[in-house]
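The lines below spell out each chain.
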Amino acid sequence: MPVGELCNREVVIIAPDASINQAVKLMRDRHVGDLVVVEQRGAEPVPVGMLTDRDIVVEVLAEDVDPQSVSVRDVMSISLVTVRERDDLVDVIGRMRSHGVRRVPVVNEQGGLEGILAVDDILELLAEQVNGLAGLVRIEQQRERERRAEA
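1. Let's talk about a nonpolar patch on the surface
No. 1: On the surface, Val57, Val58 and Leu61 cluster together to form a nonpolar patch covering roughly 240 Å² of accessible area.
No. 2: Its location among the elements puts Leu61 in helix H2 (residues 53-61).

This is the structure we're talking about:
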């Protein structure tokens, strides 16, 4: 399955020069724990980093840094792993595991942001698939009982 079919297309973004206070308010208002940091290149926003609530806690609050004095660029993760919409889900899971990331921006062929894929999205899909398999077993058992009752 291509990740473009599974990713969340409603991505909350922020510019690298935004303040940490702006980022925190955006996270709160949009009920998210991460922001994709983008720069506008032509007509498309291009991911350049990720900012998580954990980044803010570890890098700003735990270090007693004034949130007014730092920008998103100062705190964001810059070793960004992106995947393309057409990339296969199994391959992407392997990349996420090898890089130790729980979220990856999904980009188009030009590198423009199209969505985000999180471990939560993958787990939800897998849970649906496992539930479907369990249902298949129940149906087969029911059919067998019905056949035996008819005999």
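Structure's up, so let's keep going.
2. Focus: the side chain of Ser19
No. 1: Along the chain, Ser19 falls in the loop between strand E1 (13-14) and helix H1 (20-30).
No. 2: The contacts of Ser19, once residues within four sequence positions are left out, are Val70, Ser71 and Val72.

3. Topic: the sheet that holds strand E4 (residues 83-84)
No. 1: One open sheet accounts for three strands, arranged E4-E5-E6; its pairing is mixed. The open sheet has two edge strands with one neighbour each: E4 and strand E6 (113-118).
No. 2: The pairing of strand E5 (residues 103-107) with E6 spans five bridges and is antiparallel. Across the sheet, the residue bridging to Val106 is Gly115, located in E6.
No. 3: Against the sheet, helix H4 (residues 89-99) touches E4, E5 and E6, its axis set at about 70° to E6.

4. Observations regarding the pairing of strand E3 (residues 44-52)
No. 1: The buried fraction of E3 is high, at seven of nine residues.
No. 2: With eight bridges connecting them, strand E2 (residues 34-41) and E3 associate as antiparallel partners. Its bridge partner lying in E3, Asp34 is registered against Thr52.
No. 3: As consecutive antiparallel partners, E2 and E3 are separated by two residues, and within that stretch Gly42 has a phi angle of approximately 70°, a positive value.

5. Points about the nonpolar core
No. 1: Of all hydrophobic cores here, the largest spans 16 residues; its most connected members are Ile14, Ile20, Leu35, Val37, Leu51 and Val72.
No. 2: Counting residues per element, the ones that place at least two in this core are H1, E2, E3, H2 and helix H3 (72-75).
No. 3: One finds Val3, Cys7, Val92 and Leu117 within the second-largest nonpolar core, a separate group that totals 13 residues.

6. Structural notes on the environment of Glu114
No. 1: As for its placement among the helices and strands, Glu114 is situated in strand E6.
No. 2: Sequence separation of Glu114 and Arg41 is 73 residues, and the distance between their C-alpha atoms is 14 Å.
No. 3: For Glu114, the side chain forms a polar contact with the side chain of Asn108, separated by 2.8 Å.

Cut-off values and rules
- Counting from 1, residues in each chain are numbered in the order their sequence is written.
- Reporting in this predicted model follows two pLDDT cut-offs: at least 70 for local features of residues, and 80 or more for side-chain atom pairs to be given and counted; totals over whole chains, interfaces and linings ignore these cut-offs and use all residues.
- Values shown for side chains rest on all heavy atoms present in the structure; no hydrogens or waters enter the calculation.
- Residues with no salt bridge and a relative accessible area higher than 30% make up the patches, which join like charges within 9 Å and nonpolar side chains (Val, Leu, Ile, Met, Phe, Trp, Tyr) within 5 Å.
- Computed with the Shrake-Rupley method and a 1.4 Å probe, the accessible areas treat only the protein chains shown as cover for residues.
- Any carboxyl oxygen of Asp or Glu that lies within 4 Å of a side-chain nitrogen of Lys or Arg is treated as forming a salt bridge with it.
- Here a helix means four or more residues in a row that DSSP labels H or I, a strand means two or more in a row labelled E, and each is numbered from the N terminus.
- When checking whether two residues touch, look at their non-hydrogen atoms; a contact exists if any pair is within 4.5 Å.
- Strand pairing is assigned whenever DSSP detects at least two bridges linking the two strands.
- Lines fitted to C-alpha atoms define the axes here, with helix axes fitted over just the stretch in contact, and angles between the N-to-C directions of these axes take values from 0 to 180 degrees.
- Here the term buried applies to any residue with accessible area under 20% of the maximum for its type, exposed to any over 50%, and partly exposed to those in between, with areas from a 1.4 Å probe on protein chains only.
- In these notes, a set of buried Ala, Val, Leu, Ile, Met, Phe, Trp, Tyr and Cys residues joined through side-chain atoms within 4.5 Å is what counts as a nonpolar core.
- Whenever a nitrogen or oxygen atom comes within 3.5 Å of another N or O atom, the pair is scored as a polar contact, on the condition that within protein one atom can donate a hydrogen and the other can accept it, and that pairs from neighbouring residues in sequence are kept only if both atoms are in side chains.

Purely geometric stuff here, so don't read any function into it on its own.
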